[in-house]
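Okay, here's what each chain looks like letter by letter:
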Amino acid sequence: MAKDFTISSPSWLSLLGLIGAVGCGCAPAQAQQFSADLVRIELQGGMAASIGKLRVFDDKVRIEMRDFPDGFFLIDGVSRAAYFVRPGERVFMDARQSSPLTHLFVPVDVGDPCLQWQAMAKLAGATDRNDPWRCERVGEESVGGRGVVVYRAISSPGRELLGWIDPNLKFPLRIRMQDGTSITVENIQEESQPARLFEIPSGFRKFDPEALIKRIKQSDVWVDEPPP
């Protein structure tokens, strides 16, 4: 995997939210190898729409989304990293909060999925470090003919989601957000995945928006706003 990286594209401004990564101290779960479709239902009982493709290789996840046609997300549970890769620019960057899927659709501990969900949310900067997540087991159901364990995850007062976990795949098959939107893993194909799909290609460079902003501030093009 490449280690170092910059970007030379005018579209960097649209991705300035993808900044930095923070490590966590929990051991990642390890799922099986499979591929599947991602389907979104905006509200319970609403119309279903395909939003992308999911691939899993043990503790690594690759997510390709229609909302991000110029790249794909890579999540690595061992190195505790989540990246957005742009092959056209030959660059990658920390995913941060660009998509909640990167910290929810990850291999989890079936006994307590909140361990990994909280760790990945912290990595993305999507949760308060002082807010411990806790999971409550709701029951058992079936999703797409597969037996699942249902958990309610509470990340802070007034914030919760529901997750349907496949104990064999050690992976969520459905996540329902607090606003009622659901993302479901469908058309699961349990088969070996090419390892190269889960690696950042050699020669790709890492783009650091914070470093770019610092350079701009030190240049003549940066103008501070006048005091009120």
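Look a little higher up for the structure.
A short tour of the structure in this document, coming up.

1. Concerning the sheet that holds strand β10 (residues 171–176)
Within a sheet, each strand pairs with its neighbour through backbone hydrogen bonds, oriented either parallel or antiparallel.
Here is step 1: In space, the twelve strands of this open sheet follow the order β7-β8-β9-β10-β11-β1-β2-β3-β4-β5-β6-β12, with mixed pairing throughout. Each edge of the open sheet carries a strand with a single partner, namely β7 (134–143) and β12 (205–206).
Here is step 2: Pairing analysis gives three bridges linking β10 to strand β11 (residues 182–190), with the strands arranged antiparallel. When the bridges of β11 are listed, I175 appears paired with I183.

2. Some words on the environment of A82
Here is step 1: Note on placement: A82 falls in strand β5 (residues 81–86).
Here is step 2: Exposure remark for A82: the relative accessible area of 7% places this residue in the buried category.
Here is step 3: Leaving out residues up to four positions away in the same chain, A82 has contacts with L74, I75, M93, D94, A95, M120 and L123.

3. What to know about the environment of I63
Here is step 1: Within the secondary structure, I63 sits in strand β3 (residues 60–65).
Here is step 2: Considered as a pair, I63 and G52 are eleven residues apart in the sequence and their alpha carbons are 7.3 Å apart.
Here is step 3: Not counting chain neighbours up to four residues away, the residues in contact with I63 comprise L38, K53, L54, F72, F73, I75 and L101.

How each quantity is defined
Residues numbered from 1 in each chain as written. Predicted model: local features only at pLDDT ≥ 70, side-chain atom pairs only at ≥ 80, totals over all residues. Heavy atoms only, no water. Pairing = 2+ DSSP bridges. Helix = DSSP H or I, 4+ residues; strand = E, 2+ residues; numbered from the N terminus. Buried < 20%, exposed > 50% of the residue type's maximum accessible area, 1.4 Å probe, protein only. Contact = heavy atoms within 4.5 Å.

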